[in-house]
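Structure at a glance
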Amino acid sequence: MSVSAQRLVEELQIFDVECEAALTEKLVELCILYGQNEEGMVAELIAFCTRTGKVCLTSETLNSFEHECLSKKLSRASRDGGHAGARDIVSIQELIEAEEEEESLLNSYTTPSKGSQKRAITTPETPLTKRTVSTRSPHQLLSPSSFSPSATPSQKYSSRNNRGEVVTSFGSAQGVSWSGRGGAGNISLKVLGGPESLTGSYKSMFQKLPDIRDVLTCKIEELGTELKEHYKIEAFTPVLLPAQEPVTLLGQIGCDTNGKLNSKSVILEGDREHSSGAQIPVDLSELKEYSLFPGQVVVMEGINTTGRKFIATKLYEGVPLPFYQPTKEDEDFEQNMVLVACGPYTTSDSITYDPLLDLIAIINRDQPDVCILFGPFLDAKHEQVENCLLTSPFEDIFKQCLRTIIEGTRSSGSHLVFVPSVRDVHREPVYPQPPFSYSDLSRDDRKRVQFVSEPCSLSINGVIFGLTSTDLLFHMGAEEISSASGTSDRLSRILKHILTQRSYYPLYPPQEDMAIDYESFYMYAQLSVTPDVFIIPSELKYFVKDVLGCVCVNPGRLTKGQVGGTFGRLFLRRQQAAGGEGRQSPCTAVQVVRI
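What comes next is a walk through the structure. Just so it is clear, the model here is predicted, and its values are computed rather than measured.

**Some words on the nonpolar core**
In terms of nonpolar packing, the biggest core is built from 37 residues, with Tyr345, Tyr353, Leu359, Phe377, Ile405, Phe418 and Phe567 touching the most fellow members. Elements supplying a minimum of two residues to this core: β9 (336–342), α12 (354–366), β10 (370–374), α14 (394–408), β11 (415–419) and β13 (449–451). Those residues in contact with Phe377 that lie beyond four places of it in its chain are Tyr345, Tyr353, Phe398, Cys401, Ile405, Phe418, Val419, Asp424 and Phe436. Ranked by size, the runner-up nonpolar core spans 30 residues in total, among them Tyr431, Leu472, Ile498 and Tyr518.

**Details of the sheet that holds strand β7 (residues 297–304)**
Sheet architecture is closed into a barrel: five strands sit in the order β3-β4-β5-β8-β7, paired in mixed fashion. Neighbour to neighbour, the strand axes of the sheet diverge by 55° on average, direction disregarded. Relative to the sheet, helix α9 (residues 209–231) contacts β3 (243–255), β4 (266–270) and β7, its axis offset from that of β3 by approximately 135°.

**Some details on helix α17 (residues 490–501)**
If you check α17, its first and last C-alpha atoms are 16 Å apart, about what twelve residues at 1.5 Å a residue would give, namely 16 Å. For α17, the buried fraction is high: nine of the twelve residues fall into the buried class. Of all the positions in α17, only Leu491, Arg493, Ile494, Leu495, His497, Ile498, Leu499, Thr500 and Gln501 are classed as buried. The backbone nitrogen of Leu491 has a side-chain oxygen 3.2 Å away, supplied by the residue at the start of α17, namely Asp489. A positive backbone phi angle near 60° is found at Arg502, which sits one or two residues after α17.

**Observations concerning the pattern of salt bridges**
What the rule picks out here adds up to 19 salt bridges. Through salt bridges with shared partners, one network takes in Asp379, Arg423, Glu539, Arg557 and Lys560.

**Focus on the packing of aromatic side chains**
In the structure shown here, the tally under the stated rule is 13 aromatic pairs. For the pair Trp178 and Phe571, a centre-to-centre distance of 6.4 Å together with 80° between the ring planes defines the contact as edge-to-face. Placement of the pair is Trp178 in the loop between β1 (166–171) and β2 (189–192) and Phe571 in strand β23 (residues 566–572), with a sequence separation of 393 residues. On the basis of relative accessible area, Trp178 is assigned to the buried category, the value being 11%. Taking relative accessible area as the criterion, Phe571 reaches 7% and is therefore assigned buried. Pairing Tyr431 with Tyr505 gives two aromatic rings, centres 5.8 Å apart and planes at 55°, and the pair type is tilted. One end of the pair, Tyr431, is in strand β12 (residues 430–431); the other, Tyr505, is in the loop between α17 and β17 (515–516), and 74 residues separate them in sequence. Pair check on accessibility: Tyr431 and Tyr505 agree, each one buried. Grouping aromatic residues by their ring pairs yields a cluster made of Tyr345, Phe377, Phe398, Phe418, Phe436 and Phe451. The lysine or arginine in question, Arg160, covers the ring of Tyr157, its NZ or CZ lying 3.8 Å from the ring centre.

Cut-offs used in this document
- Residues numbered from 1 in each chain as written.
- Predicted model: local features only at pLDDT ≥ 70, side-chain atom pairs only at ≥ 80, totals over all residues.
- Heavy atoms only, no water.
- Core = buried A, V, L, I, M, F, W, Y, C linked by side-chain atoms within 4.5 Å.
- Buried < 20%, exposed > 50% of the residue type's maximum accessible area, 1.4 Å probe, protein only.
- Helix = DSSP H or I, 4+ residues; strand = E, 2+ residues; numbered from the N terminus.
- Contact = heavy atoms within 4.5 Å.
- Pairing = 2+ DSSP bridges.
- Axes fitted to C-alpha atoms, helices over the stretch in contact; angles between N-to-C directions.
- Expected span 1.5 Å × (residues − 1).
- Polar contact = N/O pair within 3.5 Å; in protein donor to acceptor, adjacent residues only side chain to side chain.
- Salt bridge = Lys/Arg side-chain N within 4 Å of Asp/Glu carboxyl O.
- Phe/Tyr/Trp six-rings, centres within 6.5 Å; stacked < 30°, edge-to-face > 60°.
- Lys NZ or Arg CZ within 6 Å of the ring centre and 35° of its normal.

Here it is as structure tokens:
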């Protein structure tokens, strides 16, 4: 329908209301969106302003009018069945499919005309499969106007001019053809437990303080045993026992106040076996180099003459777990391409999911063997979510998003791995996160779609991927303290801590917005082996680093505020070490690319 801005201005002048050009454009948009003519829209607007006592016409007034009046009227119409435009996109599509099937049945009893066939003829030999019906464009699958009254595309995102730019690379990426074989290759995906894998939901908020204490104590004792064997330490000394000779202590780093850790506030909390959990302040003045954070399990050597303060003179390096040893089946795999991307999949000023649709187009073009997609898929921090402006339940919007990805990438044949996030608004924000549950998968999609927990260790043809959507780099970077004689890379230090502490979240106490269930954490959030590739998305700048033989990748987020972000792509190929000794990383090339 055509709407005249001049006619809207004339209708408003009847009520002696002045309207700026930007507000007039917004009213034109509302008329088109809600199927109103100029006279009816102005009449409803004036009635709303009179009822609510609004004197001036502002953008806030229009937003309130749209949310409180137009969208509610639209939802009432959908409940009454009078206006199909407000229906959920899934229900609309189901109606279309039902009509198509009914029409196909009628056509089977009629003689086809001489003109071209608009629809494929169906016979018992060539039935109309569900897959044929549902191969629709992703733009048709995901309709933001069905769950948001203000689904305006982001102007800044649409006007970006650096699409496809490679911002950082690693390894021999020059001669690599960044395209996979989709579903044609032989792909084996297995979740590794550490010690077990999380497969379903669990009851949270039932933990007691002694249970948390037991988990932390077990962590200290297990790492202490490994360090004792590795460095051949005879015995650990209780932290409060005075001694004139140098002693070796085992414990966990803590802070003596509720503030941020610094070099003067470090305490060492001993283990239960040797120190009964006692604490002692630590003097770091004699240490030339150190890197510490709250919750870190350490072995220190030093002097403790009074039993009241420990002067540290040596800090033992942490020891990472061994790498996974591939089986004969794993060694036979061909080269694979893996694409990784992390949400949010919408810009902060829009809910249109344009970045996600662009990513689906890239997947269909490049046909990666495996796509690993991290949450949040509907971000709890999005402005329209925080202000309760969405008209559909969060769960329904998430399912639309999921259905768009699965059906939109069906032609590529790529295997899809979905990793949840504590920022997914439709779920309880408890760490670790169980896998998503989605019951609408077809038989063909079940073979290529896998839902995993957060965090997770995943084997792709014997190449171990460590996966976490939690911004651990940002959390630990805010708490770590260090001293070094030369230049030192903070991100490499933090990544090294994660690998040597053998945990997906070694920080304790955690950041304030992290709700951790420690019994589940101990079972499901520990590293079982050192991963070959560690994917750790963060708000910090994208990077690719080799840390202790593990290729660590921060692909960035698909969107950064109102502009486009980045995603990553990896090239895997099993290599034989030179001379038959040592280990060659199976990840030969990595690129981080702008969306």
